[in-house]
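Residues per chain are reported as follows:
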Protein chains: 2
Amino acid sequence: MPISGFPEWLPAQRIIEQRVIDRIRSTFELYGFAPLETRSVEPLPTLLSKGETSKEVYLLHRLQGAPDEASGDDQLGLHFDLTVPFARYVVENAGKLVFPFRRYQIQKVWRGERPQEGRYREFLQADIDVVNRDNLPFHYDTEMPLVIGDALSGLPIPAARIQVNNRKVCEGFYRGLGLTDTEQVLRTVDKLDKIGPARVAEQIVETAGASEAQAAACLDLAAISAEDASFVDAVRKLGVEDPLLDEGLEELVRVVETAREHAPGLVAAELKIARGLDYYTGTVYETQLRGYERFGSVCSGGRYDNLASSGKDRFPGVGISIGVSRMLGVLFGQQALSVSRSVPTCVLVALPHEEQRVACDRIAASLRRRGIPTEVAPTAAKFGKQIQYADRRGIPYVWFPGADGEPDSVKDIRSGDQVSADAASWQPPAEDLHPVVSGA
Amino acid sequence: MPISGFPEWLPAQRIIEQRVIDRIRSTFELYGFAPLETRSVEPLPTLLSKGETSKEVYLLHRLQGAPDEASGDDQLGLHFDLTVPFARYVVENAGKLVFPFRRYQIQKVWRGERPQEGRYREFLQADIDVVNRDNLPFHYDTEMPLVIGDALSGLPIPAARIQVNNRKVCEGFYRGLGLTDTEQVLRTVDKLDKIGPARVAEQIVETAGASEAQAAACLDLAAISAEDASFVDAVRKLGVEDPLLDEGLEELVRVVETAREHAPGLVAAELKIARGLDYYTGTVYETQLRGYERFGSVCSGGRYDNLASSGKDRFPGVGISIGVSRMLGVLFGQQALSVSRSVPTCVLVALPHEEQRVACDRIAASLRRRGIPTEVAPTAAKFGKQIQYADRRGIPYVWFPGADGEPDSVKDIRSGDQVSADAASWQPPAEDLHPVVSGA
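Criteria and cut-off values
- The residue numbers shown here count from 1 along each chain, following its written sequence.
- Following the order in which they are written, the chains are lettered starting with A and the ligands numbered starting with 1.
- Local features are withheld for residues below a pLDDT of 70 in this predicted model, meaning they are given only at 70 or higher, and side-chain atom pairs are given and counted only at 80 or more; totals for whole chains, interfaces and linings count all residues.
- Hydrogens and water are ignored here; the side-chain numbers use all heavy atoms of the structure.
- For this analysis, a nonpolar core means a set of buried residues of the types Ala, Val, Leu, Ile, Met, Phe, Trp, Tyr and Cys, connected via side-chain atoms within 4.5 Å.
- To sort residues, take the accessible area from a 1.4 Å probe on protein chains only and compare it with the maximum for the residue type: under 20% means buried, over 50% means exposed, and anything in between is partly exposed.
- Contact criterion: two residues are considered in contact whenever any of their non-hydrogen atoms come within 4.5 Å of each other.
- For two strands to be treated as a pair, DSSP must find no fewer than two bridges joining them.
- Helix and strand definitions follow DSSP, with helices as H or I runs of at least four residues and strands as E runs of at least two, each counted in order from the N terminus.
- Helix axes are fitted only over the stretch in contact, all axes being lines through C-alpha atoms; the angle between N-to-C directions runs from 0 to 180 degrees.
- Cysteine sulfur pairs qualify as disulfides if the two atoms are within 2.5 Å.
- Oblique is the label for every angle not falling under 35 degrees (roughly parallel), over 145 degrees (roughly antiparallel), or within 65 to 115 degrees (roughly perpendicular).
- Handedness of each helix crossing follows the sense of rotation of the near helix against the far helix: counterclockwise by less than a right angle gives left-handed, clockwise gives right-handed.
- Basically, the charged four are Asp, Glu, Lys and Arg, the nonpolar ten are Ala, Val, Leu, Ile, Met, Phe, Trp, Tyr, Cys and Pro, and anything else, Gly included, counts as polar.
- Note that the domain bounds were set by an automatic or database domain assignment.
- As a working definition, buried area equals the accessible area (1.4 Å probe) given up by two parts on being put together, with both sides summed.
- Here a polar contact is taken to be a pair of N or O atoms separated by no more than 3.5 Å, where protein atoms must pair a possible hydrogen donor with a possible acceptor and residues adjacent in sequence count only if both atoms sit in side chains.
- When a carboxyl oxygen of Asp or Glu lies within 4 Å of a side-chain nitrogen of Lys or Arg, that pair is called a salt bridge.

K.L.:
Give a detailed account of the nonpolar core, specifying residues and quantitative values.
P.N.:
Among the nonpolar cores identified, the biggest contains 86 residues, and Phe28, Tyr174, Phe231, Ile322 and Met327 of chain A are the most heavily contacted of them. Other than its neighbours up to four places away in sequence, Phe231 of chain A contacts Ile224, Ala226, Leu249, Leu252, Val253, Val256, Ala269 and Leu271 of chain A.

Right, dumping it as structure tokens:
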């Protein structure tokens, strides 16, 4: 039976997912990010030290373990994101890595949420991060959205819009307003889309000790949005001054302007973006697909200056993460993606008689040697049934071995066209070689 | 800190692993196996019903779960192989699949073994299986070793030798000898390499009620090995008769002879092979790398006629699984694999001044558009330091933007050769485009 929160795709969906992952991976590699994986588990203290989300952890215990084994500091939990394990990996292997270190990581993560919430408890993330020892140049913050824009624009999905903000802008602004519990304000503003401005204002007053005027100013800041540097003037008009605010604005301008230079329309400054995770210290990203804004962010991340450190060593980083399962779940749910076939197979070699299997296997081997995915028919059924085998899977070509010295022939079962062919040289059109994924 | 049994690779090793997985995947797809993934968890009863290994399970419980949540039939455990989840998936989705169903599955599995045993508790497996409704033609048993031979022969690793046996041979033989607890005999023979023939004979006498002569005959059978059908005569000489034995011998001959036809030297009949898992009913496979026999099997599987069933529906299958982590762990441990660089990057664009970053990013974009993995230097350090950045990562080319209208140039930092180049057309030699994995 299906288990709530643990999605499983059907074969055609899984082919789409694999294609999407391949495209994301090849883009990441084009930008020089090295592949990396970390183990699925971390010691519980590592997981618990990183804020809110970290409480939604699955703990492991061995079925045959001793009773006292399943407790204490050596308890293991499944990771809930890929950033915390990566930070741990960097600190642990710092002596063997070369910095700045660029890596991508495409792995499952798990969140032990209550099943009834209908959210994923197991899902695939595709992350890129750059970390450096001591200091990380800011231009990496401007690079992240460009990589993501490139990765997603190659897919048959709606255009992505990356919303960027900078925590220094918010914290500086709140501080400049005279508020001290800036983290509480940020957490409250993060609920804007869920509970609306009136309740956010109320809660800022209640939980962060703000006046109504201060709360209103926080909402004014959150309302600012622009695809160019014009947001700076809009913030300045609110009349708040603070050096951290200035620093944040300058950084945010650089992200927005670099994106305008290289990928117009991809990135917008959106000053309500806060991000739930505690470890971000500057730039933050969220991403929506146009027309699918109501489904929330499919790709988020940010700058973390203090996540990875050990003694006097500090490894600031910036990263972004595509929520692959989440994005595909939404698109599958809206029937927004399809694929030309549910198998990799391009050619089915028909089997005239079971005794000819060796000859048919040789034809298949010859086609495969030239990169053409090929199967031999499961049984020497009537040719009509063998063609049906291909048709039900979307396999475009059926190969007929020639009888009595006649040449072989190959039939495009979509058009019905059949031509003589030699397994040592025949080539399908490039677009038929692999399954093709299309948008709605 | 490292956690015993949860291996993590360094970046260069991870590049090798990724290359190995890509090669395995593309071979599986060439044979028409469709990609599939199943969730990482199964209900505990599903895991526990499948024999010995299944007792080594990691159970999950939510850190914030209610106390009574972590028990009973709805308890979830991490899967310990990919065959049991696949069988469950087939039964669950039978109405939406087309049979025979060929799929590959490359995923992590977990075994909750005691940490001190020094064995992997998390590792990657790459499986192929074919299942059909009601009956599965035997020729699929002959196909499995050929696919694996093809996948592994494309890798820079020692040649694989696939050892094949058939449970019907063993069971039929033991039965023909007059022994009734054939499973117990099989489990004991499985320990041959660990405890040696004398103790196996003792244990067959002790635990399966055999006479010394019967035990000796079981050992005689286990000693038979051949790369062609000659093993049949060797078995016949032992003078045991049984219809199941005949059936098994006929099947085993087909596997060995088909492999001799298509891939001489790849497959041998090895009548001591038993396999620990209970669900195999016919053909069984194990695989050793030549020169690495002492490290055990890197790829195993077999025929399972009764694993997947639901009511009157029955889905017999045959499959084989490459133990990717196990194989790489052995080869890494023997320094038997290396890679030409630890990053995907082929070209580093040098940065003359920070103000030229936009221009350098454009050069990089131009190279990437033609599939050349490219990074821009992290800072406008002295060129010597930028070349060092490339050198430390094994990046073969450094690109120098031309100053004052001069053309750009590109330097092969291995040879020192530097030539004028245009980012819109320059192409590296094909062998430099991606990292190259080599054997020892």
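K.L.:
Lay out the sheet that holds strand E14 (residues 347–349) of chain A with the relevant residues and their values.
P.N.:
Residues and elements named next belong to chain A. If you trace the 5 strands from one edge of the open sheet to the other, you get E15-E14-E16-E17-E18, paired in mixed fashion. In this open sheet, the two strands that pair with only one neighbour each are strand E15 (374–376) and strand E18 (418–420). Adjacent strand axes in the sheet meet at a mean angle of 25° when their direction is disregarded. Of the strand pairs in this sheet, E14 and E15 are connected by 3 bridges, and their pairing is parallel. The residue of E15 that forms the bridge with Leu348 is Glu375. Along the sheet, helix H13 (residues 383–393) makes contact with E14, E15 and strand E16 (397–400), crossing E16 at roughly 145°.

K.L.:
Describe the state of the cysteines, listing the residues and the values that go with them.
P.N.:
Residue and element names in this part refer to chain A. Summed over the entire model, instances satisfying the criterion amount to 0 disulfides over all chains. Looking at Cys170, it has no disulfide partner, and the nearest cysteine sulfur is the one in Cys218, 9.0 Å off. We classify Cys170 as buried; its relative accessible area is 3%. Here Cys299 stays free of any disulfide, with the sulfur of Cys170 as its closest cysteine sulfur at 19 Å. Taking the relative accessible area as the measure of exposure, Cys299 reaches 0% and is therefore buried.

K.L.:
I'd like a rundown of the packing of helix H1 (residues 11–30) of chain A against helix H11 (residues 324–333) of chain A, residues and numbers included.
P.N.:
The geometry of a pair of packed helices is captured by two quantities: the angle between their axes and the separation between those axes. Residue and element names in this part refer to chain A. H11 packs onto H1 with a crossing angle of 135° between their chain directions and a minimal axis gap of 11 Å. Between H1 and H11, the angle is such that the two are oblique. Seen along the crossing, H1 lies across H11 with a hand that is right-handed. Across from Gln13, Ile16, Glu17, Val20, Ile21 and Ile24 in H1, the residues of H11 making contact are Val324, Met327, Leu328 and Phe332. For the contact of H1 with H11, the per-class residue count stands at 8 nonpolar, 1 polar and 1 charged.

K.L.:
Describe the domain arrangement of chain A, listing the residues and the values that go with them.
P.N.:
Residue and element names in this part refer to chain A. Looking at chain A, the domain boundaries give domain 1 (11–339) and domain 2 (347–439). Contact with domain 2 buries area across many residues of domain 1, yet Arg19, Pro156 and Ser338 alone supply 63% of it, more than any other trio. Along the contact surface separating domain 1 from domain 2 lie 2 residue pairs in polar contact (both at pLDDT 80 or more). At the level of elements, H1 and strand E13 (337–339) are the ones that each hand at least two residues to the side of domain 1 that touches domain 2. Partitioned by chemical class, the residues of the side of domain 1 that touches domain 2 number 6 nonpolar, 1 polar and 1 charged.

K.L.:
Would you mind going over the side chain of Glu143 of chain B in detail, with residue names and values included?
P.N.:
Position of Glu143 of chain B among the secondary structure elements: in helix H4 (residues 139–153). Since its relative accessible area comes to 14%, Glu143 of chain B is described here as buried. Beyond its immediate chain neighbours, meaning those up to four positions away, Glu143 of chain B contacts Arg368 of chain A together with Tyr31, Phe33 and Arg102 of chain B.

K.L.:
Let's hear about the interface of chain A and chain B: which residues, and what values?
P.N.:
The interface of chain A with chain B comprises 87 residues on the first partner and 87 residues on the second. Summed over both sides, the interface between chain A and chain B buries roughly 7,500 Å², with carbon and sulfur atoms accounting for 58% of that surface. When residues of chain A are sorted by the area they lose upon contact with chain B, Glu8, Leu30 and Arg62 of chain A head the list and together hold 9% of the total. Here chain A and chain B share 12 salt bridges between them.

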